[in-house]
Amino acid sequence: MTTVNRLILQNGRLLDPVTGVDAKGDLWVEDGVIVPAQKEIPENSEVYDVHGKWIVPGLIDMHVHLREPGEEYKETIKSGTRAAAAGGFTAVACMPNTTPVNDCASVTQFITKAATREGSARVYPVGAISKGSKGAGLAEYGELRQAGAVAVSDDGLPVLDSQLMRRAMQYAGSHDLLVISHSEEMALSRNGSMNEGVVSTRLGLRGIPAAAEAIMVYREIALAELTGQRIHIAHVSTGAAAELIAQAKARGVRVTAETAPHYFTLTDEAVGDYNTNAKMNPPLRTEKDRQAIRKGLQDGTFDAIATDHAPHSVLEKELEFDRAANGVIGLETSLSLSLALVRDGVIGALRMVELMSSAPARILQVEGGTIAQGNVADITVIDPEKRYVFTEDSILSKGKNSPFLDWELQGKAVLTVMGGRITHNELT
Ligand SMILES: [Zn+2]
């Protein structure tokens, strides 16, 4: 990591969904801020010719699991944010299912302090909805907010009590905190280890029906309507849920939603021969769902692409399929897989940047998401042509649990800059 007083990126394709800019040009950074270009290049400038590459606002992943405190053998704030920077991310929001659960100011502060000390990306803590994420009493939102939390979620677990969720939305609204829903009807999903369908039947595994997601998504929408508050639906995997979100948006409900690269890239066929690296919750769905997710990215049903980066050690994954842990890593493959959507003509380049940067910044109400002058210099330079094989050796995350191991991918972050500080550099 190096800090430069002045950074100059020349001849790139500038993409900014906030200002609508999509044009060739230069970007100048001085003391961590984006400044107007000058005629002469001053001495002591770090200059890169980024011809053929995209200069975009730093990517923001609004759904990751950093595992610290408590499970540092799986990931730490240091290793997780290094993986983030390598993937082109300048900021991540981290879920509260650590040990202890992030349900109070002391845990939130522990995270923000560690991130400031040793992070390669900004870290926005997400506090718990309920104390200990146990689904009974609410956590103290005022305290969480003051300590630096940007949202609340019991992610990993649904809030089963609808009255508690209603109160959470009202209470969070009064503290300007976003509520993020892990939408799962447990009575339907319990003991399931993959999508319920033809493949689960063939493999003899207990399935999780798409309705387990849709039922809870509908409840969250109904509660957002009832309370007039915002709700953000995490990791949407089904066409059924996407349709509910699209209908709710059309009638003005304050709902936003994210999906993850694995849901628009893979189907439950990826479970193949009981591959635990294709096991996550919600599970990979059918081709019809995958197509619906891609359509939702195109038509605005989804606001954001988030990874649900969930590192696990080999110990949790090298087990029988139904006993293995849920989750896949995603920080280092998200951009390449999203660029494939652009190459396939599903979405345009500006839309991709909106989904991966501007919209998460807007939803979380944090800085970044634009490269307009005067803004913080959180910048990602993307080489859309660069081809590479995603190997286990190349992974910076402590988790190696990816369904994309040994895939040949195209398009990569080649320079990541956070507040003017270079956190990842493949240009030199
Ligand atoms: Zn979740």
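Residues numbered from 1 in each chain as written. Predicted model: local features only at pLDDT ≥ 70, side-chain atom pairs only at ≥ 80, totals over all residues. Heavy atoms only, no water.

### Describing the side chain of Glu184
Part 1: One can find Glu184 in the loop between β11 (178-181) and α5 (186-189).
Part 2: Buried charge Glu184 goes without a salt bridge, the closest partner of opposite sign being Arg190 at 8.0 Å.
Part 3: Side chain to side chain, Glu184 and Ser189 meet in a polar contact 2.6 Å long.
Part 4: Setting aside residues no more than four positions away along its own chain, Glu184 makes contact with Pro158, Leu160, Ser189, Ala212, Met216 and Asn281. (Helix = DSSP H or I, 4+ residues; strand = E, 2+ residues; numbered from the N terminus. Buried < 20%, exposed > 50% of the residue type's maximum accessible area, 1.4 Å probe, protein only. Lys, Arg positive; Asp, Glu negative; His and termini not counted. Salt bridge = Lys/Arg side-chain N within 4 Å of Asp/Glu carboxyl O. Polar contact = N/O pair within 3.5 Å; in protein donor to acceptor, adjacent residues only side chain to side chain. Contact = heavy atoms within 4.5 Å.)

### Some details on the sheet that holds strand β9 (residues 122-127)
Part 1: With parallel pairing, the 8 strands of this open sheet are ordered in space as β7-β8-β9-β10-β11-β14-β15-β16. At either margin of the open sheet sits one strand with a lone partner, and together these are β7 (59-64) and β16 (304-305).
Part 2: Pairing of strand β15 (residues 255-259) with β16 involves 2 bridges; the strand directions are parallel. Considered in β16, the bridge of Glu258 is made with Ala304. (Pairing = 2+ DSSP bridges.)

### Quick notes on empty space enclosed by the protein
Part 1: On inspection of all chains with the given rule, the structure shows 4 cavities of 30 Å³ or more.
Part 2: In this structure, the largest cavity spans a volume of roughly 50 Å³.
Part 3: Lining the largest cavity are His182, Ser183, Glu184, Ile208, Ala212, Glu213, Asn281, Pro282, Pro283 and Arg285.
Part 4: Class assignment for the residues of the lining of the largest cavity results in 4 nonpolar, 3 polar and 3 charged. (1 Å grid on protein atoms, 1.4 Å probe; cavity = no way out; pocket = protein on both sides within 12 Å on 5 of 7 lines; lining within 4 Å. Points joined across faces, edges and corners; volume = space filled by probe spheres on them. Nonpolar A, V, L, I, M, F, W, Y, C, P; charged D, E, K, R; others polar.)

### What to know about the coordination of the zinc ion
Part 1: Those protein atoms acting as donors to the zinc ion are Asp155 (OD), His182 (ND1) and His235 (NE2), and they sit at 1.9 to 2.2 Å.
Part 2: Within one chain, the residues donating to the zinc ion are spaced in sequence as D-x26-H-x52-H. Highlighted residues: His182 in the loop between β11 and α5 and His235 in the loop between β14 (231-233) and α8 (239-250), separated in sequence by 53 residues. Of the two residues examined, His182 and His235, each falls in the buried class. (Donors = N, O, S within 2.8 Å, 3.2 Å for Na, K, Ca; no water.)

### Notes on the UniProt feature "active site" (unreviewed entry) in the protein
Part 1: If you check UniProt for "active site" (unreviewed entry), the listed places come out as Asp308 in our numbering.
Part 2: Position of Asp308 among the secondary structure elements: in the loop between β16 and α11 (314-317).
Part 3: Excluding anything up to four places from it in sequence, Asp308 contacts His63, His65, Asp155, His235, Asn281 and Val328. (UniProt positions renumbered as here; feature names shortened; annotations may be inferred.)

### As for the UniProt feature "domain: Dihydroorotase catalytic" (unreviewed entry) in the protein
Part 1: UniProt marks residues 52-238 with the feature "domain: Dihydroorotase catalytic" (unreviewed entry), using the numbering shown here.
Part 2: With 38% helix and 19% strand, residues 52-238 has end C-alpha atoms that lie 36 Å from one another.

### A closer look at the layout of surface pockets
Rolled over the atoms, a probe sized like a water molecule indicates the empty space that remains.
Part 1: Its boundaries defined by the atoms lining it, the largest pocket holds a volume of some 490 Å³.
Part 2: Along its surface, the largest pocket is lined by 32 residues, and Gly156, Asn281, Ala325, Asn326 and Gly327 are the ones closest to its centre.
Part 3: The class makeup of the residues in the lining of the largest pocket is 8 nonpolar, 14 polar and 10 charged.

### Things to note about helix α4 (residues 162-174)
Part 1: For α4, with 13 residues, the first-to-last C-alpha span of 19 Å sits near the 18 Å given by 1.5 Å per residue.
Part 2: Taken residue by residue, α4 has Leu164, Met165, Ala168, Met169 and Ala172 as its buried positions. One side of α4 carries all its buried residues, which in axial view fall inside an arc of 140°.
Part 3: Buried residues in α4 make contact with α3 (141-147), β10 (151-152), β11, α7 (211-227) and β14.
Part 4: The N-terminus of α4 is capped by Asp161, whose side-chain oxygen sits 2.9 Å from the backbone nitrogen of Gln163.
Part 5: Positive phi appears at Asp176, one or two residues downstream of α4, with a value of about 55°. (Expected span 1.5 Å × (residues − 1). Arc of directions from axis to C-beta.)

### What to know about the pairing of strand β18 (residues 408-418)
Each regular strand displays side chains that alternate between the two surfaces of the sheet.
Part 1: With 10 of its 11 residues buried, β18 lies for the most part within the structure.
Part 2: Here β18 pairs with strand β19 (residues 421-425) via 4 bridges, running antiparallel. By the bridge assignment for β19, Thr416 is matched with His424.
Part 3: Between β18 and β19, which follow one another and run antiparallel, lie 2 residues, and Gly419 among them has a positive phi close to 60°.

### Some remarks on the pairing of β15
Part 1: Among the 5 residues that make up β15, 5 are buried, leaving the element largely enclosed by the rest of the structure.
Part 2: On β15, burial covers both faces: Val255, Ala257 and Thr259 on one face and Thr256 and Glu258 on the other are all buried.
Part 3: Tracing the backbone out of β14, into α8 and back to the parallel element β15 gives a crossover that is right-handed. (Right-handed = clockwise from strand over helix to strand, strands pointing away.)

### Points about the pattern of salt bridges
Part 1: Per the stated rule, a full pass over the model turns up 19 salt bridges.
Part 2: With a shortest N-O distance of 3.2 Å, Arg6 and Glu30 are connected by a salt bridge. You can see Arg6 sitting in strand β2 (residues 6-16) and its partner Glu30 sitting in strand β3 (residues 21-30), a full 24 residues away along the chain.
Part 3: For Arg6, a relative accessible area of 12% gives the class buried.
Part 4: A salt bridge links Arg122 to Glu367, with the shortest nitrogen-to-oxygen separation between them at 3.2 Å. Within this pair, whereas Arg122 is found in strand β9, its partner Glu367 is found in the loop between α13 (349-364) and β17 (379-389), the two being separated by 245 residues in sequence.
Part 5: On the accessibility criterion, Glu367 (41% relative accessible area) is partly exposed.

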